[in-house]
Amino acid sequence: MSSVYINSASCISVQDTLNENILQNLTPESSVQMLKAIEPNYKEFIPPAMIRRMSKTVKMSSVASHYALQKAGITQPDAIIVGTGMGCSQDSEKFLKNVIDNNEEFLTPTFFIQSTHNTVSGQIALALQCHAYNFTYVNTSSSLEFSLLDAQLQIKDGEAENILVGSTDEQTGRTMELYCLHNIIKKEKDLPADYLHSTTDGVIWGEGASFFVVGKNKTETSYAKLTDIRIINTLELNETQDFIQDFLKKNNLSARDIDAVILGFSGAATSDVYYTEAMNIFPASALLYYKHLSGEFNTASGFSTFLACHILKEQQIPEVMMVNGNTKSEVKNILLYNHLARHDHSLVLLERV
Amino acid sequence: MSQKIAITGMGIISSIGNNVEENFISLQSGKHGISDIQMFETRHAGAIKTGEVKLSNEELIQKLQLDEDNNVTRTSLLGMVAAKEAIESAEISEINGYRTGLISSTSVGGMDITEKYFYSYENFPEKQKYIDAHDAGNSSLAIAGYLGLKGMVSTISTACSSAANAIMMGAKLIKNGVLDRVIVGGTDSLSKFTLNGFNTLMILTDSYNTPFDNDRKGLNLGEAAAFLVLESEEIVKKENKKVLAYLSGYGNANDAHHQTASSENGQGAFLAMQQALKISGLAKEDINYINVHGTATPNNDLSEGIAMIRIFGENQVPEFSSTKAFTGHTLAAAAGIEAVFSILAMQNGLIFPNLNFTTKMAEFDLTPVTELKKKDINHVLSNSFGFGGNCSTLIFSKS
């Protein structure tokens, strides 16, 4: 796969990621069941009447995509590709509640209209008056990775040069209650969570939006080269190492060439074993984790991709992310490995530009 | 297109049949599938008609021989039926024998179960397994699991153009050598959520939908699933595969006009058709038949008609029909359903009729094909447009 470049990155998350000095100001959190994204002052970006109507995922995406385009100096992207696990969860829930509470009577269409999974990509297109290619991927855990892959294909096929790629997910009241009920979210008695050596299942749930401009050409604003992506729906634990080794081999790399590996440790004992298995391949690499900073959610890898971009650009690894003591004088190649509850395993390879 | 993508298998379940053969018989005999709602609880039963698959979840589970402890929702059940038929029709015995993927699509995912137990899951411990099955991505994972597929699995959800985009992405993955083989399409079950959503938008007809008719009153919703198997030229040659048809062009564009309504000049539709023609390398005169989006809403048919005239020219629009009077609008699955119908049209040299049409629209001189018509068809253009301004066009060519 031919390389493309990540020419800007913007993120709204549980951390203060819209601010400066991101890598210096990361604070872990392990004692609550849910983590909320820090919201910017939307008034600077969105008319007040619209702020009230828009759900959190649309608002976060609106701001993050605005910054991503601005930082890359792009006014009209050649494509808009968005990944989301749960889509417009808040509006879906509101409409569903109305349907049930009012016994299918006296309904208004606003929440339904906004409940569609592609509302975010559609709203961005509408705001930019952008008629270009517009896709939305909704996978359990690989929505951003498919969006990046699609961007790579669009560029390779000569259909686009600068693409807005993003991922976004929001929390919703009832869905979070159901996640607690079904032990997707960690029981209160099992908190604080031990992200690296957990003996219990369940995760701390987060939310956020990350947007990037993926370009054909390296520019002054480039953060990283997006070298390759691999995605698989399911994997046996004992296949993990082969899955990773095959991917490295295809890219003419060995484990030693990978300076940092960003692993998706979530504090869910049963599924985190994949990361432990993966660690064994990389005795010399800096091993990093991040979900203690972002929470787990369907597009949590948007946050780690954003951090990886900053690590490559600033050549600095925040201590709060380190799993082991390995440090590197230069961070050239970063491998990201993620899955959610054993579904949708993905590998993303980024290189310093 | 530098490489035409071979279609080697197809499968479908809709309100007019549980497989390709049954759908084909209904299309030929003019037997539509629009009926009163029987399969889910709603106060609109008896008032609003839909294209419902008259098999309960239990019957579908039985048909698929799933374990009793499964947590598969209706969207995935329908998807499994269609995907299985597609695999069988492509004569694939070893699903992971090549780098194989599944790009599916859905708009509702597991909503049919969620809306039943949304407030009461606490009281039904045995139903809590469905909490995991709500998200759209889960439906594709379930279908892939059922097929024993291990590889790239993804879901596209761009409302009513979803399956077209899944087919498009599948083609790109093969064209770029990322995959050798990919199952593409979509699935959507009916739900109270969707029915009420469209009802509040006031775009549902109280009767039978009449696409491209001057007096059209709106759409009937439907439920369905359909999948195609796309394979690389190398596999086709190596395995001497029978090719049902080729995907020769595709295009996606955004109308950027309104979250739900289409623009007056059909800009998104125009751009999607233009892009698909460009990629196919075909001239517009090469298109012998258009399977239009034709939802029978006042807004869609007008906008789509104008876009077709802009592309093909006044009095030069190829023969066209909407098959939504047969199946209803099956949302994320629609482009998959219509891909199967487009292939059947080419294979059998038949244009399936646009049912329920009586009066030409006042705004332009466009009359759909209203009777089953014999015609040699080499290239079909198929449109699908969705909320969020999402407009997609596919072009299929005879093998």
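Definitions and limits used
- Residues numbered from 1 in each chain as written.
- Chains lettered and ligands numbered in written order.
- Predicted model: local features only at pLDDT ≥ 70, side-chain atom pairs only at ≥ 80, totals over all residues.
- Helix = DSSP H or I, 4+ residues; strand = E, 2+ residues; numbered from the N terminus.
- Rg over C-alpha atoms; globule rule 2.2 N^0.38 Å.
- Buried ≥ 20, exposed ≤ 12 C-beta atoms within 10 Å, placed from the backbone.
- Domains from an automatic or database assignment.
- Contact = placed C-beta atoms within 7 Å.
- Arc of directions from axis to C-beta.
- Core = buried A, V, L, I, M, F, W, Y, C linked by C-beta atoms within 7 Å.
- Pairing = 2+ DSSP bridges.
- Nonpolar A, V, L, I, M, F, W, Y, C, P; charged D, E, K, R; others polar.
- Expected span 1.5 Å × (residues − 1).
- Axes fitted to C-alpha atoms, helices over the stretch in contact; angles between N-to-C directions.
- Parallel < 35°, antiparallel > 145°, perpendicular 65-115°, else oblique.
- Left-handed = near helix turned anticlockwise from the far one by under 90°.

Engineer: It is not clear to me how the overall build of chain B should be interpreted in this structure. Could you clarify?
Structural biologist: Each helix and strand in chain B was counted, giving 12 helices and 14 strands. By the compact-globule yardstick of 21 Å for 399 residues, chain B fits well, its C-alpha radius of gyration being 20 Å. A principal-axis box enclosing the C-alpha atoms of chain B has dimensions of 60 × 55 × 40 Å. For chain B, the proportion of its 399 residues judged to be buried stands at 64%.

Engineer: I keep staring at the overall build of chain A and nothing clicks. Help me out?
Structural biologist: Along its length, chain A carries 11 helices and 10 strands. For 353 residues, the compact-globule estimate of 2.2 N^0.38 gives 20 Å, and the C-alpha radius of gyration of chain A, at 19 Å, lies within 12% of that figure. Looking at chain A residue by residue over its 353 residues, the buried ones come to 59%.

Engineer: Help me understand the domain arrangement of chain B in this model?
Structural biologist: How big an interface is tends to be stated in terms of accessible area lost as the parts join. Residue and element names in this part refer to chain B. Its domain assignment divides chain B into domain 1 (5–238) and domain 2 (250–398). Each of domain 1 and domain 2 has a C-alpha centre, and these two points are 21 Å apart. Taken residue by residue, the interface counts 60 residues in domain 1 and 53 residues in domain 2. Secondary-structure elements contributing two or more residues to the side of domain 1 that touches domain 2 are β1 (5–13), α1 (20–29), β3 (49–51), α6 (162–175), β6 (181–188) and β7 (224–231). With seven residues, α6 is the single largest residue contributor to the side of domain 1 that touches domain 2.

Engineer: Whenever I open this one, helix α9 (residues 269–279) of chain A confuses me. Can you help?
Structural biologist: Helical periodicity: at 3.6 residues per turn, an α-helix aligns residues three or four positions apart in one direction. Residue and element names in this part refer to chain A. For α9, the full list of buried residues reads Ser 271, Asp 272, Tyr 274, Tyr 275 and Ala 278. When α9 is viewed along its axis, its buried side chains cluster within an angular range of 130° and face the same direction. The inward-facing, buried residues of α9 contact α8 (240–250), β7 (260–263) and β9 (333–340).

Engineer: It is not clear to me how the nonpolar core should be interpreted in this structure. Could you clarify?
Structural biologist: In globular proteins that are soluble, nonpolar side chains generally tend to be buried together. By size, the foremost hydrophobic cluster in this structure holds 218 residues, and its most contacted members are Leu 288 of chain A together with Ile 7, Ile 167 and Leu 230 of chain B. Counting residues per element, this core draws most heavily on helix α12 (residues 334–348) of chain B, at 10 residues. Contact partners of Leu 288 of chain A, with chain neighbours within four places excluded, come to Ala 260, Val 261, Ile 262, Leu 263, Ile 317, Met 321, Met 322 and Val 323 of chain A. Grouped together as the second largest cluster of nonpolar side chains are 10 residues, Phe 198, Ile 203, Leu 221 and Ala 296 of chain B included.

Engineer: It is not clear to me how the pairing of β6 of chain B should be interpreted in this structure. Could you clarify?
Structural biologist: Consecutive side chains of a regular strand alternate in pointing toward one face of the sheet and then the other. Residues and elements named next belong to chain B. Of all eight residues that make up β6, eight are buried, and the element is covered over most of its length. Residues of β6 alternate between two faces, with Arg 181, Ile 183, Gly 185 and Thr 187 on one and Val 182, Val 184, Gly 186 and Asp 188 on the opposite face, all of them buried. Where β6 and β7 come together, eight bridges link them in antiparallel fashion. By the bridge assignment for β7, Arg 181 is matched with Glu 231.

Engineer: Got a minute to help me understand unusual backbone geometry in this structure?
Structural biologist: Trans is the common state for peptide bonds, and a negative phi is the common state for residues other than glycine. In this structure, the amide linkage connecting Leu 191 of chain A to the following residue, Pro 192 of chain A, adopts the cis form with an omega of 0°. Tracing the chain through its elements places Pro 192 of chain A in the loop between α7 (173–181) and β5 (208–215). In the Ramachandran plot, Glu 91 of chain B falls in the positive-phi region, its phi being about 55° despite a non-glycine side chain. Tracing the sequence through the fold places Glu 91 of chain B in the loop between α3 (74–89) and β4 (100–105).

Engineer: It is not clear to me how the domain arrangement of chain A should be interpreted in this structure. Could you clarify?
Structural biologist: Residue and element names in this part refer to chain A. Taken as a whole, chain A is organised into domain 1 (4–215) and domain 2 (225–351). Contacts between the two partners involve 53 residues from domain 1 and, on the opposite side, 41 residues from domain 2. Listed by contribution, the elements that provide at least two residues to the side of domain 1 that touches domain 2 are β1 (4–12), α6 (143–156), β4 (162–169) and β5. Considering only residue class, the side of domain 1 that touches domain 2 consists of 24 nonpolar, 22 polar and seven charged.

Engineer: What's the story with the interface of chain B and chain A in this structure? I'm lost.
Structural biologist: Taken together, the contact between chain B and chain A spans 51 residues of the former and 49 residues of the latter. Counting only elements with at least two residues in the side of chain B that touches chain A, the list comes to α5 (136–147), β5 (152–156), α6, α7 (192–200), β8 (245–254) and α9 (267–280) of chain B. Tallied by class, residues from the side of chain B that touches chain A come to 18 nonpolar, 25 polar and eight charged.

Engineer: Would you mind going over α6 of chain B with me for this structure?
Structural biologist: Between its terminal C-alpha atoms α6 of chain B stretches 20 Å, which fits the 20 Å expected from 14 residues at 1.5 Å a residue. Among the 14 residues in α6 of chain B, 14 count as buried, and that is most of the element.

Engineer: Please clarify how the pairing of β5 of chain B should be interpreted in this entry.
Structural biologist: Residue and element names in this part refer to chain B. With five of five residues buried, β5 is to be regarded as a mostly interior element. The alternating pattern of β5 places Met 152, Ser 154 and Ile 156 and Val 153 and Thr 155 on opposite faces, both of which are buried. As paired strands, β4 and β5 are joined by five bridges and run parallel to one another. Following the sheet pairing, Gly 101 is matched in β5 by Met 152.

Engineer: What am I meant to see in the packing of α1 of chain B against α12 of chain B here?
Structural biologist: Helix-helix packing is described using two parameters, namely the angle between the two axes and the distance between the axes. Residue and element names in this part refer to chain B. Put simply, α1 and α12 touch, their axes get as near as 11 Å, and they point 70° apart. Relative to α12, the element α1 lies roughly perpendicular. In the packing of α1 onto α12, the handedness of the crossing is right-handed. Here α1 contributes Val 20, Asn 23, Phe 24 and Leu 27 to the contact with α12, which in turn contributes Val 340, Phe 341 and Leu 344. Within the contact of α1 with α12, the residues separate by chemical class into six nonpolar, one polar and no charged.

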